Amino acid sequence: MTENEYLELVQTINQHDHAYYTMDNPTITDKKYDELYDKLIKAEKKNPQWKVRFSPSGRVGAGILSKMDKKEHTFKLYSLAKAQELVELDKFFKDVLKEVGGTPEYALEWKLDGLSFVARYEAGLLVEARTRGNGKIGEVVTEQVRTIRNMPLQIPFTGVVEVQGEIVIPLDQFAKYNLRLNNELMKAMYLPDLNEKKSYYMDLYKPFKNPRNAASGALRQLNLSETAKRPLAAFLYNVGHIEG
């Protein structure tokens, strides 16, 4: 295999991933996909210098991060802060007007209940992702976001763009994931009482109470393989900053 053939293979697999995870319209059988993916892994092991940042192999979540850095956002991410009363909404409108001036326009839309984040692309590549944090400073979760199957690692735009989105676990996937955890938990319960790992497994396989906490916790995992295990989905809905 040549390097150009490797790059073509990367793009082919990414297109199949997009069709499967984003469009819900598989274009290839699971068996054929596995054959292509195995071919990719072998090529990268034999020629590690070929591996690119947008390779689908980067979604498996290899490695453990030492810490989570924080970084200032390029633009402020506003929040209603769970406003419930008209006086709270009024304060939000006044705060926005004070900062942006003019005559702001607003759009009312459904809220996806997950974790808000910003993704930055440069020259078409995903180079950074940050949680919303306090609206001015967020946690850097680039490697965690890269594990999300429907998250674009490469886009057809050569400038700089930052997009806002929400990371969630769809309800049907949450139910399936919790069922798997519950099955593993039942197995752990039958471990010998003196087994020192019993409490570890009991905690490890404890089902989640709600999908929002499961998604938020996954993005704050330093162990990337744990993030990759959860059925996360990214929804991008707004361009917050653009150059070029």
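Residues numbered from 1 in each chain as written. Predicted model: local features only at pLDDT ≥ 70, side-chain atom pairs only at ≥ 80, totals over all residues. Heavy atoms only, no water.

**Observations regarding the pairing of strand β2 (residues 115-122)**
Spelled out, the test is: The buried label applies to any residue whose accessible area, calculated with a 1.4 Å probe on protein chains only, is under 20% of its type's maximum; exposed applies above 50%, and partly exposed to all values in between. Under the DSSP-based scheme used, a helix requires at least four consecutive residues in state H or I and a strand at least two consecutive residues in state E, with every element numbered from the N terminus. When DSSP finds two or more bridges between a pair of strands, those strands are recorded as paired.
Among the 8 residues of β2, 7 are classified as buried, and the element is accordingly described as predominantly covered. As defined by bridge partners, β2 adjoins strand β5 (residues 160-168) across 8 bridges and the pair is classed as antiparallel. If you follow E122 over to β5, its bridge partner there is V160. Hairpin connection, β2 to strand β3 (residues 125-131): the antiparallel pair is bridged by 2 residues, and A123 has positive phi, about 55 degrees.

**Quick look at the side chain of Q164**
Our working definition: Residues are treated as being in contact if the distance between any of their heavy atoms lies within 4.5 Å.
As for its placement among the helices and strands, Q164 is situated in strand β5. With a relative accessible area of 14%, Q164 lands in the buried category. Among all residues touching Q164, those that are not within four sequence positions of it are F75, L77, F117, V118, F235, L236, Y237 and N238.

**Some remarks on the packing of aromatic side chains**
Rules: Two aromatic rings, drawn from Phe, Tyr or Trp (for Trp, its six-membered ring), form a pair once their centres lie within 6.5 Å of each other, and the interplanar angle then sorts them: stacked below 30 degrees, edge-to-face above 60, tilted otherwise.
Evaluation of the coordinates by the stated rule reveals 7 aromatic pairs. Among the aromatic residues, ring-to-ring pairing joins F92, F93 and Y106 into one connected group.

**A few points about the layout of surface pockets**
To be explicit about the condition: Cavity and pocket criteria rest on a 1 Å grid covering protein atoms alone: a 1.4 Å probe that fits but cannot get out defines a cavity, protein on both sides within 12 Å along at least 5 of 7 lines defines an open pocket, and an atom within 4 Å of a point defines a lining residue. Grid points are joined across faces, edges and corners, and a volume is the space filled by probe spheres set on the points. The classification used treats Ala, Val, Leu, Ile, Met, Phe, Trp, Tyr, Cys and Pro as nonpolar, Asp, Glu, Lys and Arg as charged, and all other residues, Gly among them, as polar.
Taken as a whole, the largest pocket spans an internal volume of roughly 1,600 Å³. Where the lining of the largest pocket is concerned, the elements lending two or more residues are α3 (86-100), β2, β5, α7 (211-219) and β6 (233-243). When residues of the lining of the largest pocket are assigned to their parent elements, the largest contribution, 5 residues, is made by α3. Of the residues in the lining of the largest pocket, the class split is 20 nonpolar, 9 polar and 9 charged. Computed from the structure, the second largest pocket encloses a volume of approximately 560 Å³. In this structure, the second largest pocket is lined by 19 residues; those nearest its centre are Y21, R149, Q173, P231 and L232. When contributions to the lining of the second largest pocket are tallied by element, the ones reaching two or more residues are α1 (3-22), α5 (171-189) and α8 (224-229). Taken together, the residues of the lining of the second largest pocket sort by class into 10 nonpolar, 4 polar and 5 charged.

Bear in mind that shape data such as this cannot, by itself, settle questions of function.
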